[in-house]
Amino acid sequence: MRRRFPISLIFFALIGVPFVLGLFPLPIIHLLILLSPIWSAVLINTGFIGIAAEASLGRISPRWLVVPLAFFGGYWSVFISERFALYMLGTSFEAANERVAVELDVERQAIAVRWPDHGSGPGGWLTANYALPVVYSIASDVPDSYFSTRLLDRDDCAKVREFIRDGAPHVILSQVSDGNSFGQRRGTNHFCTLTMPERPDLPLARVSYDRQARYNGTLPLEQVTATVAMPDGRNLQLLTGYASPLQLIPMPVVGCNLLSSRPEWLCVEFWRETKTPITSGITEYRREEETLALALGFKPVAAAQRRGADLEQVLRKLAANRDISRAR
């Protein structure tokens, strides 16, 4: 005899159990609440699969098949549309970038990237992965202040560290990290990068980034627009960014959150991939700088081909900075 309602509906009822148990002040209960997004995804998928199985086995009316088909069919329809939107967006960005590509003469010109503060920026990554003698950054928090970044080999890193042992304002030695994805980054001890105050003496291509959170249909993304003011007066715009498309397997999360990008509450959402680059490339976490390097014709270098900056020149610049600081 067929049942009127599927037993699998009980899985949907179990979603609310952690929230009800949260009324009791027990540590294990709070752990269950923290894990509720995972449990809700498992329970919802199990519930829909159970309904499909019961209907297929004739234990409930075949009409119940409409429920899981609507859920999974609707989800995968959006999944496919978002992947297509991501592909089309990447194609259009890459075509636009190819139209403005120009080669920068790194021996006679340099780049300066505007960055929120002088202690960070893409200079270390660019000098480690491309044949660039120096990369400058323009600190947004220190007007008209430039900071240079150079690559040093291990022995020179030790000598510079000893040289600045007694103090060197705003001088930073950083480890070089290799790896093309967020999860595979690893430090290397063969080189380091040196960042210090230094005004450039070469014509500059000034780079600034604008980041905008928006939606392409249902696809949330962060569009990154790099504006490059070339030494000859031309302005180039390069497009890249990161998207958060749906995952292949539905992972619904129950729990209300206030969206910052849109002033509204969302109580059921799906886990999404994070930081999926819009444009193609090799590295995952520095796609905007990789796009910049490609457009400006920078020559990539493998780890075995890296060469550090001239130590004598670096020490002279550090000594000059130290003298200026002491004079103040």
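What comes next concerns the included structure. (Residues numbered from 1 in each chain as written. Predicted model: local features only at pLDDT ≥ 70, side-chain atom pairs only at ≥ 80, totals over all residues. Heavy atoms only, no water.)

The next thing to look at is the pattern of salt bridges. Considering all chains together, one arrives at 13 salt bridges under this definition. One salt bridge in this structure joins E82 and R272, with 2.8 Å as the shortest N-O distance. Of this pair, E82 sits in helix 5 (residues 66-99) while R272 sits in the loop between strand 10 (264-270) and strand 11 (276-277), and the two are 190 residues apart along the sequence. Using a relative accessible area of 27% as the deciding quantity, one classes R272 as partly exposed. Between E198 and R150 there is a salt bridge whose closest N-O contact spans 2.7 Å. Of this pair, E198 sits in the loop between strand 5 (186-197) and strand 6 (204-216) while R150 sits in strand 3 (residues 146-153), and the two are 48 residues apart along the sequence. For R150, a relative accessible area of 6% translates into the label buried. Linked through salt bridges whose partners overlap, the residues forming this network are R211, E222, K275 and E288. (Salt bridge = Lys/Arg side-chain N within 4 Å of Asp/Glu carboxyl O. Helix = DSSP H or I, 4+ residues; strand = E, 2+ residues; numbered from the N terminus. Buried < 20%, exposed > 50% of the residue type's maximum accessible area, 1.4 Å probe, protein only.)

With respect to the element layout, D156 can be found in helix 7 (residues 154-163). With no salt bridge to any partner, buried D156 finds its closest opposite charge in K159, at an N-O distance of 4.4 Å. In this view, D156 contacts A309 and L311; residues no more than four positions away in its chain are not counted. (Lys, Arg positive; Asp, Glu negative; His and termini not counted. Contact = heavy atoms within 4.5 Å.)

Taken as a whole and judged by the stated rule, the model has 1 disulfide. In this model, C157 is linked to C192 through a disulfide, with the two sulfur atoms separated by 2.0 Å. Residues C157 and C192 are joined by a disulfide whose S-S torsion is about -110°; by sign, that bridge is left-handed. In this pair, C157 is assigned in helix 7 and C192 in strand 5, connecting sequence segments 35 residues apart. There is no split in this pair, since C157 and C192 are both buried. (Disulfide = S-S within 2.5 Å.)

Here we come to unusual backbone geometry. A positive phi is found at K275, a non-glycine position, where the angle reads about 55°. Within the fold, K275 resides in the loop between strand 10 and strand 11.

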